[in-house]
Amino acid sequence: MPKVRYGTVRGKYPSVVTGYTTQYTFHNYTSGFIHHVVISDLEFNTKYFYKVGEEEEGAREFFFTTPPAPGPDTPYAFGVIGDLGQTFDSATTVEHYLKSYGQTVLFVGDLAYQDTYPFHYQVRFDTWSRFVERSAAYQPWIWTTGNHEIDFLPHIGEITPFKPFNHRFPTPHDASSSSSPQWYAIKRGPVHIIVLSSYSAYGKYTPQYSWLVAELKKVDRKVTPWLIVLVHSPWYNSNTHHYIEAETMRVIFEPFIVAAKVDIVFAGHVHAYERTFPVSNIKYNITNGACIPEVNPASPTYITVGDGGNIEGLAIGFSEPQPHYSAFRESSFGFGLLDIKNRTTATWTWHRNQDGEAVSADSVILHNKIYVEKDVMLW
């Protein structure tokens, strides 16, 4: 049984926890033994050192810092990365991110791009996991599944979607009463994060639909004033690549998102960067013709960060003219940083790979939607 030893002093590990081991096959590939260990009852805002493996097997030591307790004015910084892959551009993205002050990565899907090789060459998952270890071993990565994680190949007998991902990258879905690892919620500092699956059923009364409606009712903005949603396929996108692919999901879920006053919706999929103004399009029905997105400060800001590196190149086909709801867009590789200052204010910066890590190509101050609404009401 796999064991992890841990403690608050480097080299001293008074506590030990036992996990479980899994393994899977995919076509002609059999994975190695994949070990998962969950450490519970940790103190908030505490640095822990941990050791994996036994001495005679070449034990390895790492460390991580637990997040601060949930609270409205707790500062916290997130890195946002999507569509990473394992190219030279991917390496540059990770190198630049490691020099930043991000404390947790919000990953918006498309990890190893193993499915770009014949029979979805699973060894690419092995190499990709080693590639991101230099960050993922030291801080949390909150996973969103993308289209490259589906791994559905019925013609060779692989009929279980997301099988490799679910074996390798378990998510804390049980803790938020989700029936699937593909959608779940997690609290971190001042933020309530909701992860959705663009490639699982989401129509009315499906498990994902019912879970989202229930989860939004649980959000306590007095404790976690910031509300963020992660998806893979963007709901607002002015690039010709993957244009309106997620339109049905937007139409079904956007009324709930707007009513809940979600602050930001992060997405990937499009291999470029784009940030919208706060926007919504929930007034339209088939009789009124009101199908133009409306810029409104009480609506979410949509940010597409599908430019981690991938293997397919950049999406350079932005439509012209630039839509009125699109605030900034550019086809360059990079990553983003969301720096939450307090209950009312956060800063968002996007960093291009071709620039120094301290340079932001796009930046904006974001105001919490609950407080924006209050300000609007005062005026």
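Look above for the structure.
Quick caveat, the model's predicted, so the values are computed rather than measured.

Peer 1: For this particular structure, what's the right way to read helix α1 (residues 88–98)?
Peer 2: The α-helix advances 3.6 residues per turn, and as a result positions three or four apart in sequence lie on the same side. For α1, the set of buried residues is Ser-90, Thr-93, Val-94, His-96 and Tyr-97. All buried residues of α1 fall inside an arc of 165° around its axis, so they share one side. As for α1, its buried residues are in contact with β9 (76–81), β10 (104–107), α2 (123–136), β21 (334–340) and β22 (345–352). At the N-terminal end of α1, a side-chain oxygen is found 3.2 Å from the backbone nitrogen of Asp-89, two or three residues along, and the residue is Thr-87.

Peer 1: I tried to follow the sheet that holds strand β2 (residues 15–18) on my own but got confused; where do I start?
Peer 2: Two pairing modes exist for strands in a sheet, parallel and antiparallel, and in both the strands are linked by backbone hydrogen bonds. Read from one edge to the other, the open sheet built from 4 strands follows the order β2-β1-β7-β8, with strand pairing classed as antiparallel. The outermost strands of the open sheet, each flanked by one partner alone, are β2 and β8 (60–65). Pairs of neighbouring strands in the sheet enclose a mean axial angle of 30°, with direction left out of account. Where strand β7 (residues 47–52) and β8 come together, 6 bridges link them in antiparallel fashion.

Peer 1: In this structure, what is going on with the nonpolar core? I would like to understand it.
Peer 2: Nonpolar side chains in soluble globular proteins generally cluster together in the buried interior. Core analysis: the largest hydrophobic core is formed by 49 residues, its most contacted members being Trp-128, Phe-266, Leu-338 and Trp-348. Residues within four places of Leu-338 in sequence aside, it is in contact with Tyr-76, Ala-77, Phe-78, Ile-228, Ile-264, Phe-266, Ala-346, Thr-347, Trp-348 and Leu-366. Grouped together as the second largest cluster of nonpolar side chains are 26 residues, Trp-211, Val-229, Ala-246 and Ala-267 included.

Peer 1: How should I be thinking about the environment of Thr-276 in this particular structure?
Peer 2: Mapped onto the fold, Thr-276 is located in strand β16 (residues 273–276). Using a relative accessible area of 2% as the deciding quantity, one classes Thr-276 as buried. Remark: the alpha-carbon pair of Thr-276 and Tyr-325, spanning 49 residues in sequence, is separated by 5.6 Å. Ignoring any residue separated from it by four or fewer positions in sequence, one finds Thr-276 in contact with Tyr-236, Thr-301, Tyr-302, Tyr-325, Ser-326 and Ala-327.

Peer 1: Sorry, what's going on with the side chain of Gln-122 here?
Peer 2: On the secondary structure map, Gln-122 appears in the loop between β10 and α2. At 2.6 Å, the side chain of Gln-122 forms a polar contact with the side chain of Tyr-24. Residue contacts for Gln-122: discarding those within four places in its chain leaves Tyr-24, Phe-26, Tyr-29, Gln-114, Asp-151, Pro-164 and Arg-168.

Peer 1: Would you mind going over the packing of helix α4 (residues 207–218) against helix α5 (residues 247–259) with me for this structure?
Peer 2: Interaxial distance between α4 and α5 falls to 10 Å at its minimum, and their mutual angle equals 20°. By the angle class used here, α4 and α5 are roughly parallel. Read as a crossing pair, α4 and α5 show a hand that is right-handed. Here α4 contributes Gln-208, Tyr-209, Leu-212, Val-213 and Leu-216 to the contact with α5, which in turn contributes Met-249, Ile-252, Phe-253 and Phe-256. Residues of the contact of α4 with α5, tallied by class, amount to 8 nonpolar, 1 polar and no charged.

Definitions and cut-offs
One numbering rule holds for all chains: residues counted from 1, following each sequence as written. The model is predicted, so local features are restricted to residues of pLDDT at least 70 and side-chain atom pairs to those at 80 or more, both for listing and for counting; the totals for chains, interfaces and linings are taken over all residues. Derived side-chain values reflect all non-hydrogen atoms in the structure, with water molecules and hydrogen atoms excluded from consideration. Only protein chains enter the calculation, and the probe is 1.4 Å; a residue is then buried if its accessible area is under 20% of its type maximum, exposed if over 50%, and partly exposed in between. Working definition: helices are DSSP H or I runs of at least four residues, strands are E runs of at least two. Numbering for both runs from the N terminus. The arc in question is the one traced by the directions running from the helix axis out to the C-beta atoms. Note on contacts: a residue pair qualifies if any of its non-hydrogen atoms lie within 4.5 Å across the two residues. Contacts described as polar in this section are N or O atom pairs within 3.5 Å, which, within protein, must combine one atom able to donate a hydrogen with one able to accept it, while residues neighboring in sequence count only if both atoms come from side chains. Any two strands are treated as partners once DSSP identifies two or more bridges connecting them. To obtain each axis, a line is fitted to C-alpha atoms, and for helices this fit is confined to the stretch in contact; angles are then taken between N-to-C directions over 0 to 180 degrees. The nonpolar core is taken to be a set of buried Ala, Val, Leu, Ile, Met, Phe, Trp, Tyr and Cys residues, with the residues joined through side-chain atoms within 4.5 Å. Should an angle fall under 35 degrees it is taken as roughly parallel, and over 145 as roughly antiparallel, whereas 65 to 115 is taken as roughly perpendicular and any remaining angle as oblique. Two helices that cross are described as forming a left-handed crossing if the nearer one is turned anticlockwise from the farther one by less than a right angle, and a right-handed crossing if clockwise. Residue type decides the class: Asp, Glu, Lys and Arg count as charged, Ala, Val, Leu, Ile, Met, Phe, Trp, Tyr, Cys and Pro as nonpolar, and the leftover types, Gly among them, as polar.

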